[in-house]
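Survey of secondary and tertiary structure
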Amino acid sequence: MDISVVVPLYNEAESLPELEQWIERVMNEHGFSHEIIFVNDGSTDGSWQVIEELARKNPAVRGVSFRRNYGKSPALNTGFARAQGDVVITMDADLQDSPDEIPELYRMIKEDGYDLVSGYKQKRYDPLSKTIPTKLFNATARKVTGIKNLHDFNCGLKAYRNKVVKHIEVYGDMHRYIPYLAKLAGFSRIGEKVVHHQARKYGKTKFGLDRFVNGYLDLATLWFTGKFGGKPMHFFGLLGSLMFILGFIAVAVVGFGKLWNMYHGLPYVLVTDSPYFFLALTLMILGAQMFLAGFVGELVARNSPRRNDYEIDTEL
């Protein structure tokens, strides 16, 4: 099979028939063998009934329905597990992503050799309250992830080589960072394509401004687990050791200062009367706790059943 189109959705009943017809037209025009996987994320507007009707009319349509709303990442992960096409295309169900982009995305994967191609909505039909935070968010993501050529990490329109989606796990709200997840899994050939963005035709957006706060927290989590997930002592141990050493030096300076003044008959104060003593002591305690946290983290990592689970690309 050439292409699997994975469409996560929540309360998009009005747009589904039009989206299915649009995808089918593009596939037929270019002769692609394909499947369309609609993942219903606990919709309450009759979306699942629409998917059932589409599946009865079109054998290429498949559907998965969650019992309740879990979020876009679980929906994508579920669709990825079921995708059979050589190239997997993801797009949102709100008709803001154009299926006409699929042939070029497919070509970039198959002919240009990309592992992943992300859409870039260069001209957006969104309010400033959404576009400005999005630009700041993407700039931060480029800096942290090191993927300098992507301008729109969160674009729903993406293309993947099949083995990419089979080797990454999308959970929580990590769908925003699928290119980074792919990079961490060893798929470094990541490209971008400028795609057409359309104004929403039906319904209203399902995302609020809280996604930007959560997005930064998720980015910090991915950065830490990607860099130190298998070696926590390299982070906690180093930071804890530095804090403890600085605290110890500070305590020594305070103590030495008192002894110096006593020896030379100069006025002095008790060590416990100096605020620097308590600051230094706090630094030493925090440093010891950080070191122990790294030690415990190493014990957990050592006993993980996936500690030697490496991604092997080829073997002779």
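Below is a short write-up of the structure. (Residues numbered from 1 in each chain as written. Predicted model: local features only at pLDDT ≥ 70, side-chain atom pairs only at ≥ 80, totals over all residues. Heavy atoms only, no water.)

**Overview of helix H9 (residues 233-263)**
Helix length check: H9 (31 residues) gives 43 Å between terminal C-alpha atoms against 45 Å at 1.5 Å per residue, within 8%. For H9, the complete set of buried residues consists of Met 233, Gly 237, Gly 240, Met 243, Gly 247 and Val 254. In this structure, the buried side of H9 is in contact with helix H10 (275-302). Within two residues after H9, Gly 265 carries a phi angle of roughly 70°, on the positive side. (Helix = DSSP H or I, 4+ residues; strand = E, 2+ residues; numbered from the N terminus. Expected span 1.5 Å × (residues − 1). Buried < 20%, exposed > 50% of the residue type's maximum accessible area, 1.4 Å probe, protein only. Contact = heavy atoms within 4.5 Å.)

**Quick look at the environment of Phe 295**
Mapped onto the secondary structure, Phe 295 falls in helix H10. On the basis of relative accessibility, which here comes to 45%, the residue Phe 295 falls in the partly exposed class. Spatially, the C-alpha atom of Phe 295 lies 7.8 Å from that of Pro 232, the residues being 63 residues apart in sequence.

**Considerations on the packing of aromatic side chains**
Under the defined criterion, the tally for this structure stands at seven aromatic pairs. A ring pair is formed by Phe 32 and Tyr 106, whose centres lie 4.8 Å apart and whose planes are at 55°; its orientation type is tilted. One end of the pair, Phe 32, is in the loop between helix H1 (16-30) and strand S2 (34-40); the other, Tyr 106, is in helix H4 (residues 102-110), and 74 residues separate them in sequence. With a relative accessible area of 14%, Phe 32 lands in the buried category. On the basis of relative accessible area, Tyr 106 is assigned to the buried category, the value being 14%. Ring geometry for Phe 66 against Tyr 70: centres 5.3 Å apart, planes inclined by 90°, an arrangement best described as edge-to-face. (Phe/Tyr/Trp six-rings, centres within 6.5 Å; stacked < 30°, edge-to-face > 60°.)

**Section: the pairing of S2**
Within S2, seven of the seven residues are buried, which leaves the element mostly enclosed by the surrounding structure. Side chains His 34, Ile 36, Phe 38 and Asn 40 project from S2 onto one buried face, and the interleaved Glu 35, Ile 37 and Val 39 project onto a second face that is buried too. The pairing of strand S1 (residues 3-9) with S2 spans seven bridges and is parallel. The residue bridging Val 5 from the neighbouring strand is Ile 36, located in S2. Between the parallel pair S1 and S2, the chain is carried across by H1, and the sense of this crossover is right-handed. Pairing of S2 with strand S3 (residues 61-65) involves five bridges; the strand directions are parallel. Following the sheet pairing, Asn 40 is matched in S3 by Ser 65. (Pairing = 2+ DSSP bridges. Right-handed = clockwise from strand over helix to strand, strands pointing away.)

**A short note on the sheet that holds strand S7 (residues 190-194)**
Backbone-to-backbone hydrogen bonds pair the strands of a sheet. The strands run either parallel or antiparallel. Here seven strands make up an open sheet; going across it, the order is S3-S2-S1-S4-S6-S5-S7 and the pairing mixed. At either margin of the open sheet sits one strand with a lone partner, and together these are S3 and S7. On average, each strand axis in the sheet is tilted by 20° relative to the strand beside it, whichever way the strands run. Pairing analysis gives five bridges linking strand S5 (residues 116-120) to S7, with the strands arranged parallel. Within the sheet, the bridge partner assigned to Gly 119 lies in S7 and is Lys 193. Relative to the sheet, H1 contacts S1, S2 and S3, its axis offset from that of S2 by approximately 160°. The sheet contacts of helix H2 (residues 47-57) involve S1, S2 and S3, and relative to S3 the element is tilted by about 155°. (Axes fitted to C-alpha atoms, helices over the stretch in contact; angles between N-to-C directions.)

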